[in-house]
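Coordinates in review
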Amino acid sequence: MWKEFKEFALKGNVLDLAVGVVIGGAFGVIVTSLVNDIIMPLVGIISGGVDVSGLTIMVGDAELAYGAFLQSIINFLIIAFSIFMFLKVANKLMRKREAEEEVVEEETKTELYLKEIAALLAEKKA
């Protein structure tokens, strides 16, 4: 059982996934800072000084912090858009690299002559 777990845990895909999760978490922190420290203050200035994350409504004795929910939605949309743009650029680069790999190199004269010599030697042996 330990051997099977070890094989599973050390597969390339699992390690790639672990690295992706760590980098994704760090990316989320960066985007959250972007939203909280740059974008939302600008939204507050545009909307007349309203802090979206501080919006609340009282329902009986309960306070509903719908502003925090709106802040989370805005964070999600910006993170999703950022990831979309990153993947779009990455896919474009991958397609470009694949296209470069598919380019078949033309044979040089030396290679052509070597093939002809090999063919002549093969005929001579036969």
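None of the values given here were measured: they were computed from a predicted structure.

**A word on the overall build of the protein chain**
Regarding its fold elements, the protein chain presents four helices and two strands. Buried residues in the protein chain amount to 8% of all 126 residues. Sequence-distant contacts in the protein chain: of pairs separated by 6 or more residues, those separated by 24 or more amount to 42%. Accessible area of the protein chain: about 11000 Å², with a carbon and sulfur share of 69%. Between the averaged position of the 12 positive side-chain charges in the protein chain and that of its 17 negative side-chain charges there is a distance of 10 Å.

**Structural notes on a positive patch on the surface**
Together, K88, K92, R95 and K96 make up a positively charged patch on the protein surface. Along the chain, K88 falls in helix 3 (residues 66–102).

**A few points about a nonpolar patch on the surface**
A surface patch of nonpolar side chains, amounting to about 860 Å² of accessible area, comprises I57, V59, L64, Y66, F69, L70, I73, F76 and L77. Those elements that provide at least two residues to the nonpolar patch are strand 1 (57–59) and helix 3. The greatest single-element share of the nonpolar patch, amounting to six residues, is contributed by helix 3. Within the secondary structure layout, L70 lies in helix 3. Take L70: its relative accessible area is 34%, and that puts it in the partly exposed class.

**Focus on the environment of E116**
With respect to the secondary-structure elements, E116 resides in helix 4 (residues 109–125). Taking the relative accessible area as the measure of exposure, E116 reaches 43% and is therefore partly exposed. Considering only alpha carbons, one finds E116 and D16, 100 residues apart in sequence, at a separation of 47 Å.

**A closer look at the side chain of Q71**
If you trace the backbone, Q71 turns up in helix 3. Relative accessible area serves as the criterion here: at 8%, Q71 is assigned to the buried category. Residues in contact with Q71, not counting those within four places in the same chain, are V35, N36, M40, V52 and S53.

Criteria and thresholds
- Residues numbered from 1 in each chain as written.
- Predicted model: local features only at pLDDT ≥ 70, side-chain atom pairs only at ≥ 80, totals over all residues.
- Heavy atoms only, no water.
- Helix = DSSP H or I, 4+ residues; strand = E, 2+ residues; numbered from the N terminus.
- Buried < 20%, exposed > 50% of the residue type's maximum accessible area, 1.4 Å probe, protein only.
- Contact = heavy atoms within 4.5 Å.
- Areas by Shrake-Rupley, 256 points an atom, 1.4 Å probe, with all protein chains shown as cover.
- Lys, Arg positive; Asp, Glu negative; His and termini not counted.
- Charge placed at Lys NZ, Arg CZ, Asp CG, Glu CD.
- Patch = residues over 30% accessible without salt bridge, like charges linked within 9 Å, V, L, I, M, F, W, Y side chains within 5 Å.
- Salt bridge = Lys/Arg side-chain N within 4 Å of Asp/Glu carboxyl O.

The quantities given are spatial measurements derived from coordinates; they are silent on function.
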